[in-house]
Amino acid sequence: QVQLVESGGGLVQPGGSLRLSCAASGSIFKINAMGWYRQAPGNERELVATITRAGTTNYTDSVKGRFTISRDNAKNTVYLQMHSLKPEDTAVYYCKQGVTTTPFLQKNDYWGQGTQVTVSA
């Protein structure tokens, strides 16, 4: 029904920047909240940032001032701009989108496949 495709991960040195993208396609009527999560080895998946359809954002404390979440509703895409990356930001990053699908207007959360971000010298 709905597919999410992530891109933009990779290897970056400490202090560097990356931009993640997550595009949704399929039987989409409307996309509600969007978010980014991450999971480091041995850890549980944690919330990084969320954004409502109206553009209200929320960040976990460890990324405030360094990461920016944004969205393009026309493209069904959410972005995560990451600056001043630290080794502790290393993780697999997942996007999540709350989608109302056609034709029955059902609401479900959909996840991307994950993209690896590695911060290392």
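Residues numbered from 1 in each chain as written. Predicted model: local features only at pLDDT ≥ 70, side-chain atom pairs only at ≥ 80, totals over all residues. Heavy atoms only, no water.

Attention shifts here to the state of the cysteines. Tallying each qualifying case throughout the model produces 1 disulfide. Across a sulfur-sulfur distance of 1.9 Å, cysteine 22 and cysteine 95 are joined as a disulfide pair. Taking the torsion about the sulfur-sulfur bond, which here is approximately 50 degrees, the covalent link between cysteine 22 and cysteine 95 counts as right-handed. One end of the pair, cysteine 22, is in strand β3 (residues 18-26); the other, cysteine 95, is in strand β9 (residues 91-101), and 73 residues separate them in sequence. Cysteine 95 shares its class with cysteine 22; the two are buried. (Disulfide = S-S within 2.5 Å. Helix = DSSP H or I, 4+ residues; strand = E, 2+ residues; numbered from the N terminus. Buried < 20%, exposed > 50% of the residue type's maximum accessible area, 1.4 Å probe, protein only.)

All chains considered together, the criterion is met by 5 salt bridges. A salt bridge links arginine 38 to glutamate 46, with the shortest nitrogen-to-oxygen separation between them at 2.7 Å. Look at arginine 38 and you get buried, because its relative accessible area is 6%. Residue aspartate 89 pairs with arginine 66 through a salt bridge whose shortest N-O separation is 2.8 Å. Note that aspartate 89 is positioned in the loop between β8 (77-82) and β9 and arginine 66 in the loop between β6 (57-59) and β7 (67-72), a separation of 23 residues in sequence. On the accessibility criterion, arginine 66 (10% relative accessible area) is buried. (Salt bridge = Lys/Arg side-chain N within 4 Å of Asp/Glu carboxyl O.)

With that out of the way, let us pick up the side chain of serine 21. Its place among the elements puts serine 21 in strand β3. Non-local contacts of serine 21, meaning those with residues more than four positions away in its chain, are made with Val5, Glu6, Ser7, Trp36, Val78 and Tyr79. (Contact = heavy atoms within 4.5 Å.)

Let us now look at unusual backbone geometry. Look at the link from threonine 102 to proline 103: it is a cis peptide, with omega at 0 degrees. Along the chain, proline 103 falls in the loop between β9 and β10 (106-111). One non-glycine residue, asparagine 76, adopts positive backbone phi at about 55 degrees. With respect to the helices, strands and loops of the structure, asparagine 76 is situated in the loop between β7 and β8. Within the chain, leucine 105 stands out as a residue other than glycine whose phi angle is a positive 55 degrees. Position of leucine 105 relative to the elements: it lies in the loop between β9 and β10. On the accessibility criterion, leucine 105 (47% relative accessible area) is partly exposed.

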